[in-house]
Amino acid sequence: MSDPGEKPTHDAASAVDETVAKSDIEDRKTHFNAADAEYAKLVEVDPNWQHANTFLDEVGLGRYQWSLWVLCGFGESADQMLLQMLAIIQGRARQEFQVSNYQIGGVTSCYFAGLATGALGWGVGADSFGRKAAFTLTLLTAGLFGTALGGSLSFSALCGLAAAMGTGTGGNLALDGAIFLEGCPRKNQNLLMLMSVWWCLGQLFASIAAYGLIPPYSCASDAVHCARGDNMGWRYVCITLGGFTLFMWFLRFAFTFYESPKNLIARGLHEEAVVSLNGIARMNRSDKTFSITDFEDIPPPEERPKKTLGQALREHAAAFSLTRLKPLFATRKMGWTTALTWALWISIQIAYTMFNGFLPRFLELKGADTGVTTLRDSYEQYVYISLCGIPGSFAAMYMVDILYLGRKGTMAISSALCALCLILFAFLTSAGGQLAANCIQSFMQNVFYAVLYAYSPEVFPTNVRGTGVGMASLLARLIACWVPAVTGRLVDISVNIPLVISALFFGILAPMSLLLPIETRGKHAM
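Residues numbered from 1 in each chain as written. Predicted model: local features only at pLDDT ≥ 70, side-chain atom pairs only at ≥ 80, totals over all residues. Heavy atoms only, no water.

A. Summary view of the overall build of the protein chain. Looking only at helices and strands, the protein chain has 21 helices and 0 strands in total. Among the 526 residues that make up the protein chain, the fraction classed as buried is 58%. Within the protein chain, counting contacts between residues at least 6 apart in sequence, those at least 24 apart form 84% of the total. Accessible area of the protein chain: about 20,600 Å², with a carbon and sulfur share of 64%. (Helix = DSSP H or I, 4+ residues; strand = E, 2+ residues; numbered from the N terminus. Buried < 20%, exposed > 50% of the residue type's maximum accessible area, 1.4 Å probe, protein only. Contact = heavy atoms within 4.5 Å. Areas by Shrake-Rupley, 256 points an atom, 1.4 Å probe, with all protein chains shown as cover.)

B. Structural detail: the nonpolar core. Counting residues in hydrophobic clusters, the biggest one holds 146 residues, and the most contacted among them are Leu68, Met85, Tyr111, Leu158 and Phe180. With 16 residues, helix H4 (residues 63-97) is the single largest residue contributor to this core. (Core = buried A, V, L, I, M, F, W, Y, C linked by side-chain atoms within 4.5 Å.)

C. Seen up close, the state of the cysteines. Going through the model one piece at a time under the given rule, you end up with 1 disulfide. The disulfide bridge from Cys219 ends at Cys226, spanning 2.1 Å between sulfur atoms. Taking the sign of the S-S torsion, about 90° here, the bridge from Cys219 to Cys226 comes out right-handed. Relative accessible area serves as the criterion here: at 8%, Cys219 is assigned to the buried category. In this structure Cys418 is not part of a disulfide, and its nearest cysteine sulfur, from Cys421, lies 6.8 Å away. (Disulfide = S-S within 2.5 Å.)

D. Layout of the environment of Asn278. Examined against the element boundaries, Asn278 turns out to sit in helix H12 (residues 270-283). Taking the C-alpha atoms as reference points, Asn278 and Phe55, 223 residues apart in sequence, are found 9.5 Å from one another. Those residues in contact with Asn278, other than ones at most four positions away along the chain, are Phe55, Lys288, Thr289 and Phe290. Reaching out from Asn278, the side chain makes a polar contact with the backbone nitrogen of Phe290 at a distance of 2.8 Å. (Polar contact = N/O pair within 3.5 Å; in protein donor to acceptor, adjacent residues only side chain to side chain.)

E. Expanded view of helix H19 (residues 465-479). The terminal C-alpha atoms of H19, which comprises 15 residues, lie 21 Å apart, in line with the 21 Å expected from a rise of 1.5 Å per residue. Counting buried residues in H19 gives 12 out of 15 residues, a clear majority hidden from the surface. Among the residues making up H19, those that are buried are Arg465, Gly466, Thr467, Gly468, Val469, Gly470, Met471, Ala472, Ser473, Leu474, Ala476 and Arg477. (Expected span 1.5 Å × (residues − 1).)

F. Here's a closer look at the environment of Ser414. Assignment of secondary structure puts Ser414 in helix H17 (residues 406-427). Note on Ser414: relative accessible area 0%, which makes it buried. Apart from the residues lying within four places of it in its own chain, the contact partners of Ser414 are Met444, Val447 and Phe448.

G. Quick look at helix H3 (residues 47-59). Between its first and last C-alpha, H3 extends 19 Å over 13 residues, near the 18 Å set by a 1.5 Å rise per residue. Listed as buried for H3 are Asn48, Trp49, Gln50, His51, Ala52, Asn53, Thr54, Phe55, Leu56 and Val59. Positive backbone phi, at 85°, marks Gly60, one or two positions downstream of H3.

H. The arrangement of the packing of helix H14 (residues 332-356) against helix H21 (residues 496-514) in detail. One way to put it is that H14 packs onto H21 with a least axis distance of 8 Å and a crossing angle of 160°. If you check the angle between H14 and H21, you find them roughly antiparallel. For the pair H14 and H21, the crossing hand works out as left-handed. Where H14 approaches H21, its residues Leu340, Ala343, Leu344, Ser347, Ile348, Ile350, Ala351, Tyr352, Met354 and Phe355 are matched on the opposing element by Pro498, Leu499, Ile501, Ser502, Phe505, Phe506, Ile508, Leu509, Met512 and Ser513. (Axes fitted to C-alpha atoms, helices over the stretch in contact; angles between N-to-C directions. Parallel < 35°, antiparallel > 145°, perpendicular 65-115°, else oblique. Left-handed = near helix turned anticlockwise from the far one by under 90°.)

I. The side chain of Arg407, seen in detail. Among the secondary structure elements, Arg407 is positioned in helix H17. Separated by 2.8 Å, the side chains of Arg407 and Glu458 make a polar contact. Apart from the residues lying within four places of it in its own chain, the contact partners of Arg407 are Asn190, Met193, Val400, Asp401, Val451, Tyr455, Glu458, Glu519, Thr520 and Arg521.

J. Seen up close, a nonpolar patch on the surface. Together, Ile413, Leu417, Leu420, Leu424 and Leu428 give the surface a local cluster of nonpolar side chains, amounting to about 380 Å² of exposed area. Considering the arrangement of structural elements, one finds Leu417 in helix H17. Looking at Leu417, the relative accessible area reads 34%, which means it is partly exposed. (Patch = residues over 30% accessible without salt bridge, like charges linked within 9 Å, V, L, I, M, F, W, Y side chains within 5 Å. Salt bridge = Lys/Arg side-chain N within 4 Å of Asp/Glu carboxyl O.)

K. Representation of the pattern of salt bridges in the model. Within the structure shown, the criterion is met by 7 salt bridges. Between Arg92 and Glu364 there is a salt bridge, with the nearest N and O atoms lying 3.6 Å from each other. Taken as a pair, Arg92 in helix H4 and Glu364 in helix H15 (residues 359-367) lie far apart in primary sequence, 272 residues in all. Classification of Arg92 as buried rests on a relative accessible area of 3%. A salt bridge links Asp176 to Arg252; the nearest nitrogen and oxygen atoms lie 2.9 Å apart.

L. How the structure looks around unusual backbone geometry. Even without being a glycine, Gln98 presents a positive backbone phi close to 55°. For Gln98, the location among the structural elements is in the loop between H4 and helix H5 (101-129). Despite not being glycine, Arg285 has its phi angle at roughly 60°, a positive value.

M. Region of interest: the confidence of the model for the protein chain. Residues of the protein chain with pLDDT of at least 70 account for 84%, and the chain-wide mean is 82. A low-confidence stretch, residues 1-36 (pLDDT under 50), is modelled with 28 contacts involving residues beyond four sequence positions or located in other chains. (pLDDT = per-residue confidence, 0-100.)

N. View of the packing of helix H9 (residues 196-213) against helix H16 (residues 375-399). Closest axis-to-axis distance for the H9/H16 pair is 8 Å, and the angle between their directions is 170°. The orientation of H9 relative to H16 falls into the category roughly antiparallel. Contact with H9, carried on its side by Ser196, Val197, Cys200, Leu201, Gln203, Leu204, Ser207, Ile208, Ala210 and Tyr211, involves Arg376, Tyr379, Glu380, Tyr382, Val383, Ser386, Leu387, Gly389, Ile390, Ser393 and Phe394 of H16 and no other residues of that element. Broken down by class, the residue content of the contact of H9 with H16 amounts to 13 nonpolar, 6 polar and 2 charged. (Nonpolar A, V, L, I, M, F, W, Y, C, P; charged D, E, K, R; others polar.)

O. The packing of aromatic side chains, seen in detail. According to the stated counting rule, one finds 24 aromatic pairs in the structure shown. Aromatic side chains Phe55 and Phe290 sit 5.3 Å apart centroid to centroid with 75° between the ring planes, which places their arrangement in the edge-to-face category. Highlighted residues: Phe55 in helix H3 and Phe290 in the loop between H12 and helix H13 (309-318), separated in sequence by 235 residues. Each member of the pair, Phe55 as well as Phe290, is classed as buried. Measuring from ring centre to ring centre gives 5.6 Å for Trp199 and Tyr352, while their planes differ by 45°; the resulting arrangement is tilted. Taken as a pair, Trp199 in helix H9 and Tyr352 in helix H14 lie far apart in primary sequence, 153 residues in all. (Phe/Tyr/Trp six-rings, centres within 6.5 Å; stacked < 30°, edge-to-face > 60°.)

Here is the structure:
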C-alpha cells in the first residue's frame, strides 16, 4: 500500500489526466444550462450546437472574437454611415438637380429597396451556403456603389446607385450580429450589445465628413441656380465615405475568417465544423481541442447518402422558398416571438427613417426659428447629437442584465423616452432645449437599437438565424420604402408633423417589447 503522502508516479498521473480528459468530453456532451434547456423546448435545436457552444465557452474570449467584434462592427458602421450619407446630401443634391422635397426622398426609398433585396438574398443564402461569402462581399458592394454616388450625373443615376449600394449594406445588417454571436462564448454575448457603438461611430464619421465638406463646397441655401462645379461638397462626402467603406472591406478580406461552426453543423458539415472550432482555439492560443467524436449521432462519411447534381440544385433552390420560414413558427410561442420581433423592426424603421433620415434638414429648418442659421452651425449640432449616441451602447450592455429589466424592459424604457424627446424637439423654441432633446433621444435610440440588434439573432436558432433577421430587415425596409417620400411631402406642410408621427411609432415600441414571449437574458444562443 502506498504512503498517502507519496506523490503519484508518472503512470498514475497520466491515468488521472486521461480520466479528466474523458470526463471533460462527457461533461461537454451533457452540458445544458437550465435556461438553455427551457429555451431549447421552444425551437428545433440540434444537440451538437450545444457541444459547440460548450467548447467555445471552454476556449473563452480571445483574439478571434475581438477581431470579429471589430470586423462585424464595420458592417454596422457602414449601415448607419451610408444611410446618414443620403440624409446629409439630400438638401444639396435637391438644389443641384432641381427636384422637390418629395422627389429627393425617393433616393432613400430606392436605397431601402436595395436594403430589402440584400437582406433577403444575403440572409437566406448565408443560412444555406455559409456566412463567409456574405462577410467578405457585402462591404465591397456597398463601398463600390457608395463611392460611385459621388459621380452621379443625373437624379435617376443617384437613385439607381443608391439602390445598388443598399444591396450590400442590407446583407451586413442581417448577418453581422449572427456571425459574431455564433463564434462567441456565452458569458461574453453582451459584447453584441456593445457592437452598436460602431453604429454610432458610423453616424459620427458621416457627420464629421459633412461638417468639413458640405459648408465650404456648396451653393448658398437660397441660390436659384446651383451648378455642379459650385456644389461639389456632397460629392466629396460620397467619395470619402464610400472609400472608407472599401477600406473596411479590405480589412475583412485580409482576416482569416473561420466559417461559423454552428452553421456548418446545421448544414451537416461536421468535419468542417471541427476544423473551424479548432482554428478558433488556435487563434486564441488555447490548448483545447475538439474532435468529431465529441459530436453525437454522426454517421460515418461512407454511410451518408450521395447527392446527384439534380438533388443539389433542387436543395439550393429550396433555400429561397417559404419552407425556410417554418422553423420560425415551429411552436405558438416561437411564432409570436417571430411576429413581434419583425413588428419591432418595422416600427423602428418607420420611426427612425422619418426622423433621422431627415435630421440634417430638420436642424436647418428648426434652426431658422432659434438663431441657428448657417449650414456650419447645423452640421456642428449634428456632430454633437452623433457623439451623444455613443454612451448608449455601454448603457445597454449594463441594463440588459438587470433583474426584472432584461432585454424586453430595456427596449420598452428606451423607446418610450425616445418618443418623449421627439415631442420636446418638435415644440421647444430654444436652441439649447432642442439640442438637449436631440442628444437624449440619440442616446436612448442607440440603447434600443443595441438591444434589438442583439436580441434578434439571440432568439432565432442557428439554422434559420440569417433568415429570421434577414426577413425582419426585408419587411422593415419594404414597408418603410414609402416613408422618405411621404416625409418630404409632410415637411412642405409643417416640420412638426413628421416629428410627431415618428414619436408615435417610437411610443408603440414600448408595449410591443414587453409583449415578447421570450426573454433571452442568461440564455445561450442556439
